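This is what each chain is made of:
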Amino acid sequence: MKNLSLLLLMSIIGTSLFAQSNESLDLEKAITIGLEKNLNIKIAVETVEIQEGNQRIGSGDYLMPIVDATYTRSFSNEDVEQVFATDPNPRTIDNAQSRSKNFSVVGIYGFRPESFIVMKRLGVLTEISELDAKIAVENTVANISSAYYRLVLELQRYEVLKRTLELSQARLNIAEAQYSLGGAGKRDFLTAEVDYNSDLSLVLGQEQVIQNARVNLNELMALNPEEQFLVNDTITVGEPLLLQNLVENAFLENKTYLITQRQENVAFLQLKELRASRLPVINLNASYATNTSNSDAGILIQNQRSGFNYGGNVALNVFNGFTLNRRIQNAKVQQKIQGFAVDQYEIQLRSDIHRAFNTYTTNRNLLEVEQKNYAVAKESSEIALERFRLGIASYLEFRDAQVNLLTAENRLITSIFNIKEQEIELRRLSGKIFFDNSFEELNLPSED
């Protein structure tokens, strides 16, 4: 009866865990889906579009002339009384009509010395927005990778708990048979049943952990939380990483570090821009106008003029209440602050890499120990089970061996997961988790 209940329960759990999971999902596919659908990436890419638009518009504001075209028509109907110097008698005209039309094209170009500096600054800001988008991509890749391997880890833990439950079932069957035959007391049988129920509770709790791990992965891929896939059931440890290579790559390819450097450059360009605003501004203007007037009253019945006008001026700010001096001083301070920010992030980046690498190295060293420990615990558990079947070992001895095996296997798979997680973090910090280099174009898979 116990065996039948166990099989029924495990069938229900298996159906819950793997329902609708006939489609296989490997890490590469998970990352591709995430890059197509993740909304943080979409927002970052659209932000790049905005900044590129600002750069194009900025070019027009600073380097292109302004041209306005105007066309005007006007009409009037008035009662007019006129007195001319040559005729003392007044002249009265009722409903005198007048009409005029005017067309003009006006072009203005103002050359400001800081214009080219502004263009450079807008270009650097565009680079920063592109790097921000690449950071969003790298963070998404890292998060999906961690979530994917976390799901694999929880599935492996589930399998470990299932095997532990099977051992508890075997022990319960032996204790029940011994109790039925009078070879053991009821206490041993009840203890075996309590341990079985405890292990069953762990299995059921692990099912919830797996479902939440699936939801977390689906969230990063922007999929329905109920979407389920078959995932690989192994975690492979890569080749050993070298600290020197990680640090060198980080200072060349880490996108956050590159952003801090470009922000320092922006501060420098802002200072140059303010200093250049002290220089004279040259304004050029030209216009073409045609104007026609018709009137029933007055000396002129029709007046028509057309032609070009042009000119220019040079403007120099003489005094503005020391506002420019204050802005230049603030820009100098901001440049210094950004220099400190670069130095600070350099220290932080080195520290982050060393911390992650220390954890990575420790877990690689522990892996061999955990593998040996698991082999010993497995052999000990097999011996204890056989001794328990033969009646020469107590239930406490068997349970201790069972718990030791569970602990050893959990520590082994957790150690492998920790290595993989630190590999992901180190590759992210070194800027090599997705892009080959920081100049690589932001070409992402499309949903179309």
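Each chain carries its own residue numbering, running from 1 in the written order of its sequence. Per-residue local features of the predicted model are confined to residues with pLDDT of at least 70, and side-chain atom pairs are confined, for both listing and counting, to 80 or more; whole-chain, interface and lining totals are unaffected and use all residues. Only hydrogens and water are set aside when side-chain values are computed; all heavy atoms of the structure are taken into account.

## Some words on the pattern of salt bridges
Note the cut-off: Any Lys or Arg side-chain nitrogen located within 4 Å of an Asp or Glu carboxyl oxygen qualifies as a salt bridge. Per the convention used, a helix needs a DSSP run of H or I reaching at least four residues, while a strand needs a run of E reaching at least two, with both numbered from the N terminus. Each residue is assigned to one of three classes by its accessible area relative to the maximum for its type, calculated with a 1.4 Å probe on protein chains only: buried under 20%, partly exposed between the two thresholds, exposed over 50%.
Inspection of the entire model under this criterion finds 14 salt bridges. In this structure, Lys 255 and Glu 138 form a salt bridge, with 2.8 Å as the shortest nitrogen-oxygen distance. Of this pair, Lys 255 sits in helix H7 (residues 255-276) while Glu 138 sits in helix H4 (residues 115-181), and the two are 117 residues apart along the sequence. For the pair Lys 255 and Glu 138, a shared accessibility class is recorded, and that class is buried.

## Topic: the nonpolar core
A general feature of soluble globular proteins is that nonpolar side chains tend to end up buried together. Worth spelling out the cut-off: By nonpolar core is meant a set of buried Ala, Val, Leu, Ile, Met, Phe, Trp, Tyr and Cys residues that side-chain atoms within 4.5 Å join together. Throughout, a contact is declared for two residues whenever any of their heavy atoms are within 4.5 Å.
Counting residues in hydrophobic clusters, the biggest one holds 61 residues, and the most contacted among them are Leu 25, Tyr 148, Leu 217, Met 221, Leu 349, Ile 353 and Leu 426. Looking at this core, the elements that each hand over two or more residues are helix H2 (27-37), H4, helix H5 (186-220), helix H6 (243-253), helix H8 (323-390) and helix H9 (395-429). Per-element tally for this core: the top contributor is H4, with 17 residues. Once residues within four sequence positions are removed from consideration, Ile 353 is found in contact with Leu 243, Leu 246, Val 247, Ala 250, Leu 426 and Leu 429.

## Focus: the environment of Ser 198
For Ser 198, the position within the fold is in helix H5. Look at Ser 198 and you get partly exposed, because its relative accessible area is 36%. Sequence separation between Ser 198 and Leu 165 is 33 residues, and the spatial gap between their C-alpha atoms is 9.0 Å.

## So, empty space enclosed by the protein
This is how it is decided: Only protein atoms enter the 1 Å grid used here, on which a cavity is any set of points holding a 1.4 Å probe that cannot leave and a pocket is any open set flanked by protein within 12 Å on both sides along at least five of seven lines; residues with an atom within 4 Å of a point are listed as lining. Grid points are joined across faces, edges and corners, and a volume is the space filled by probe spheres set on the points. Gly is put with the polar residues, along with every residue not named as nonpolar or charged; the nonpolar set is Ala, Val, Leu, Ile, Met, Phe, Trp, Tyr, Cys and Pro, and the charged set is Asp, Glu, Lys and Arg.
Taken as a whole and assessed by the stated rule, the structure comprises 1 cavity of 30 Å³ or more. Its boundaries defined by the atoms lining it, the largest cavity holds a volume of some 40 Å³. What lines the largest cavity is Leu 25, Leu 151, Arg 214, Leu 217, Asn 218, Glu 227, Gln 228, Phe 229 and Val 231. At 3 residues, the largest contribution of residues to the lining of the largest cavity is made by H5. Split by residue class, the lining of the largest cavity holds 5 nonpolar, 2 polar and 2 charged.

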